[in-house]
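If you want the building blocks of each chain, they are given just below.
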Amino acid sequence: MGSLDATSTSLAEDLQDLQLDRPAKGLKSVEELEKLTVDEHLSDIERSVYLLSSGQEVQRISVIHNLPDLLRDTESHDECMRRVVPKVREVLHLAQTEMQVAASSAFLQILQKNLVPVQNYSQTFLQTILNSVDSKDPDVASAWLDTLLDVIDLLPKEVIKKEILGSAIAKGQLAQSVQSRLACCRILGKISTKFEPFVIKKEILPVVQSLCQDVDYEVRGCMCRQLDCVARGMGLEATKSAILPELVELTNDEECHVRIAGLETVVNILSLLDAETCGTTIIPLVCKICQQAVQAEDATLPVVATQLGKLCHGISDNLTDEQRQWFIDFYKKLCHVGLEKNKASSRVTTPLIDKDRGSKESDLTDIFELEDKLVECRKNSAYNFPAMVLFCGAKQFKPELHLTFTHLCKDPHFLVRKTISSGFHEVCKLLGNNANLIQSDLVALLKDESIEVLRGVISTIPAILDCYMSSGSNHTVSESKSGPLSDIIPAFLASENAIFTSHNWRLQEELMRNLSCLSRCYSSESLYNKVIPILRQKLVKARALPVKVAAAHSLLKLTRKVKKREQREEIYHGLIHDFCHARKCYLRNVFIDICRIVIELYSKKFFKETFYEYLLELHTDSVPNIRLSLCSILPDLKRLLILPTDRGLLQQLDACVRKLLVSEKDRDVSDGIQSAVEELDKIHIPMQSMTRRNFFEQDLDDQKKEEEEKLLLDNEEKELKKEEEAAEKKKGDKRNLVSAKKGSENGSSSRIPGPRKGSRAGLSGSNSTTKKFLYPSHITPEDDNKPVAPLTKGAGTSNNKLVKSKSINCISQIPRRDFEELDSKEVSKTKIVPPGKAPGNKVQVNSNICKPSSGDSNINKKRVSSPKLSRLPLYNSNPNLHHGRPASPSLIPIKASTTSTTNKPSKTTRGSGIPAPGSAGTRRASVPTISTSRRGSLGGQLGTGSYYSLLLLLAWLARQLTFSALFPSFAVVFFFLHFSWNPYCQIYQKFSFQ
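Residues numbered from 1 in each chain as written. Predicted model: local features only at pLDDT ≥ 70, side-chain atom pairs only at ≥ 80, totals over all residues. Heavy atoms only, no water.

Participant: Explanation requested: the packing of aromatic side chains in the structure shown.
Facilitator: Working definition: an aromatic ring pair is given by the centre-to-centre distance plus the angle between the planes. Throughout the structure, instances matching the rule amount to 17 aromatic pairs. On the basis of an interplanar angle of 0° and a centroid distance of 5.5 Å, the ring pair of Trp326 and Phe330 is categorised as stacked. Highlighted residues: Trp326 and Phe330, both in helix α20 (residues 321–336), separated by four residues, approximately one helical turn. What makes Phe330 buried here is its relative accessible area of 5%. Centroid distance Tyr602 to Phe606: 4.7 Å. Interplanar angle 20°. Geometry classified as stacked. Judged on exposure class, the residue Tyr602 and its partner Phe606 are both buried. (Phe/Tyr/Trp six-rings, centres within 6.5 Å; stacked < 30°, edge-to-face > 60°. Helix = DSSP H or I, 4+ residues; strand = E, 2+ residues; numbered from the N terminus. Buried < 20%, exposed > 50% of the residue type's maximum accessible area, 1.4 Å probe, protein only.)

What follows is the structure, encoded as structure tokens:
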């Protein structure tokens, strides 16, 4: 217990000591406030001088930051240069690091903005910069050196030669410190491009050669990196004689750091050298460097892998076939380095660790460092793979680099796979039509478990799909199941599961946004069934708001590509139901973002017809944040309106704003609606007459969107018509085949002639717009609108199998009526009078005249399921007994168009049916009448001819039963038995036989 108490006491004391270093909390003292107080009546110059003299560190830094602003003012410019700038230079001698960095930045801004003439700048600010470069603080010296290098680019050549060149050469002497010699290397490299070649040879080249032979490897490496600039200033000949020997020696330096700098310089000066120099000096030198790097496996190996792409591209024109093949084989080795030696190295080092425990940590460190170098080498090789494809050529990709590419895509380290996935689109572009070779590799990357690997390929998937679509496979997935996209797109969609299991919402957003690119390679039906459900799900369930917005953007963009109108409307109604009318407030807030996207992607007309009113409904939302978000979109709604067409929508908008202004109680919403009203007042609503002239350029994009939407509707209507015509043609051919087959089987057993093959009233079926009557053999469909004259004795009797009786009239002598096609619109408005309520008029009829009877046996079964009076031939319930007078209205209104014998149009009442006997539609001089005891019954006295007509009707119905018209025939029978006898006579006249 005692030890615990002592430990707690020591901890408390340590904490107390830490508290002593912290500034005391509370208000500042009166003395501190007095030190920070400055007289308000002082000018800017006087205040700056006062703060630089007696102010605190923070106040001095503030003055230095504002120094460019003081010099910009023309009135105080001269006084600032005379009083403030000398004070700043004086303060900088003893200033801390923060003030020194602030001064270096301010001095550079002064020269960049030309606030001071160059001569004045070189006499004041430049001298301070050159003196501060030799500061003992490395951070301060580095800051001022960077400022000096930037200033050299802005100064003229004369000032550089006079003020900077001598100082730089002096810093490069061997007696100077390493820091000064390093600064000299960078300054000489910067000013070498400013002078003529003879000046460089005379003044700069001796110092450069001396620094390349410096005893410190850091100086040799720094000077080696500046040889590129020196060589460009001297020219080709001087470079070959003076620079190349130094460069070759530096690439063979004993220090790895210097060899790396030499390799980088070789790559940079390739464009300067000629073909002879490259062939005789550079290529052998590069091959030697590569071989040494592979053998040593030191720090130069990752650098070689990084620079190999540029190197091969720079010397490709000077290589022989053997040398080209050597570089390709060397690249393959770099891509596989370390994969086979990991197990062997672990086996070798295990016994060493057991023997010598003291060297355990150092051995493990060496192993990890070597493994990191090898992984970095493969990663850099994967980065250079597009350059090597360009070097090798697309035709040689399959035999040379395809297997290597597959190994990189399946590398055990995720960094290598991430690098190759990030450059996958570049490889696809270079391969062109041969991009199908790496299809399986892309699928493997899309199925990778690493989020970093998926990020690389997901970010470039639009470019990859474009390459596949343009590489000789311009078809969608649904059109060719064996195409290259048939495996890629499902894997792309499946990657959504792995991505959304992570917490990387930026990658989720990128995936949702890139799903919109599938519109170019997926059919409309596939988009609706596979892609859009994913977007709708993430739009509701995604946690991050940017992911929801990206999903909404892709969803609305893909919906424009859906061809079926029903599917598009279902998506729009789903958005309104799931978001605008949602119970959760954050979903209703998403609906406002959805409306912003709709305004961006769709036409103004579409938004006003679909989302406008639903969006304004949110002004009554109970959550203030929803009303606040609505206020921000109100100006956009007003920009959509055009008068006088949208006057009603403008009134709704004004009512919404007025209600928010009057009844809003939340402070933030009140401020939001006030800001919205101010912006609304600035928006001018164009008139429709002015739109075409003044606002055509602004609405050009909107007109294009509206035309695309109209074109989508027109294409949908055309496709529906084509589908209907194809279905009707197929159905008609099938029915014609069935009717022809049944007619050939039963034609000889019946004496009643059936419908001809191919006729419009046969069993083949017809449209709802075709006539529904059977035509005798002597009547064509074209004669249907003409009055039919009674047949003569020899007319049409050659094919009639009925025997004419002497006691009754022939069927062919029964007068026929003209029938008209029923208007579907008038039928829907017709009210059928029940038979029991029909007036029971008694009429005397000649018993020698049969009652016409008819029935439409060709009614489709679908129509029989709900029998309507409009499906049967029309008739007049009250026959006209007075010759020449119009008939009374019938049960079903039709369009009557009959011609009289005098060729004068007859006057018919609205809704009149078939012309009654004796009207203007008949050719017979007189029509016999019939007498019935009661309407709707068969109990009246009927003549022999009437019973014979009934038998003929039943025989005709029996024949129809043989053609499998069972249900329609029974329906006709029951319908006829339900009504009076008089309609039978009129209907039967239409079905007279020859």
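Here the narrative resumes, following the displayed structure.
Participant: I'm lost on the nonpolar core in this one. Help?
Facilitator: Soluble globular proteins tend to pack their nonpolar side chains together in the buried interior. If you look at the biggest cluster of nonpolar residues, it comprises 226 residues, and the most contacted ones within it are Phe107, Phe125, Phe385, Tyr468, Leu518 and Leu615. Other than its neighbours up to four places away in sequence, Phe385 contacts Tyr331, Phe397, Leu401, Phe405, Leu408, Ile420 and Val427. (Core = buried A, V, L, I, M, F, W, Y, C linked by side-chain atoms within 4.5 Å. Contact = heavy atoms within 4.5 Å.)

Participant: What should I look at first to understand the UniProt feature "repeat: HEAT" (unreviewed entry) in the chain in this one?
Facilitator: In this numbering, the UniProt entry assigns the feature "repeat: HEAT" (unreviewed entry) to residues 204–241 and 243–281. For residues 204–241, the helix share is 84%, the strand share is 0%, and the end-to-end C-alpha distance is 15 Å. Secondary structure within residues 243–281 divides into 74% helix and 0% strand; the distance between the first and last C-alpha atoms comes to 12 Å. (UniProt positions renumbered as here; feature names shortened; annotations may be inferred.)

Participant: Explanation requested: the packing of helix α39 (residues 624–639) against helix α40 (residues 647–663) in the structure shown.
Facilitator: To describe two helices that pack against each other, one gives the angle between their axes and the distance between the axes. Between α39 and α40, the shortest axis-to-axis distance is 11 Å and the interhelical angle comes to 145°. Crossing handedness for the pair α39 and α40: left-handed. Residues Arg627, Leu630, Cys631, Leu634 and Lys638 of α39 touch α40, and the partners they reach there are Leu653, Cys656, Val657 and Leu660. (Axes fitted to C-alpha atoms, helices over the stretch in contact; angles between N-to-C directions. Left-handed = near helix turned anticlockwise from the far one by under 90°.)

Participant: Sorry, what's going on with the environment of Cys290 here?
Facilitator: Relative to the helices and strands, Cys290 is located in helix α18 (residues 275–296). What makes Cys290 buried here is its relative accessible area of 2%. Along the backbone, Cys290 and Phe330 are 40 residues apart, and their C-alpha atoms lie at a distance of 8.2 Å. Excluding its chain neighbours within four sequence positions, the residues that come into contact with Cys290 are Val304, Trp326 and Phe330.

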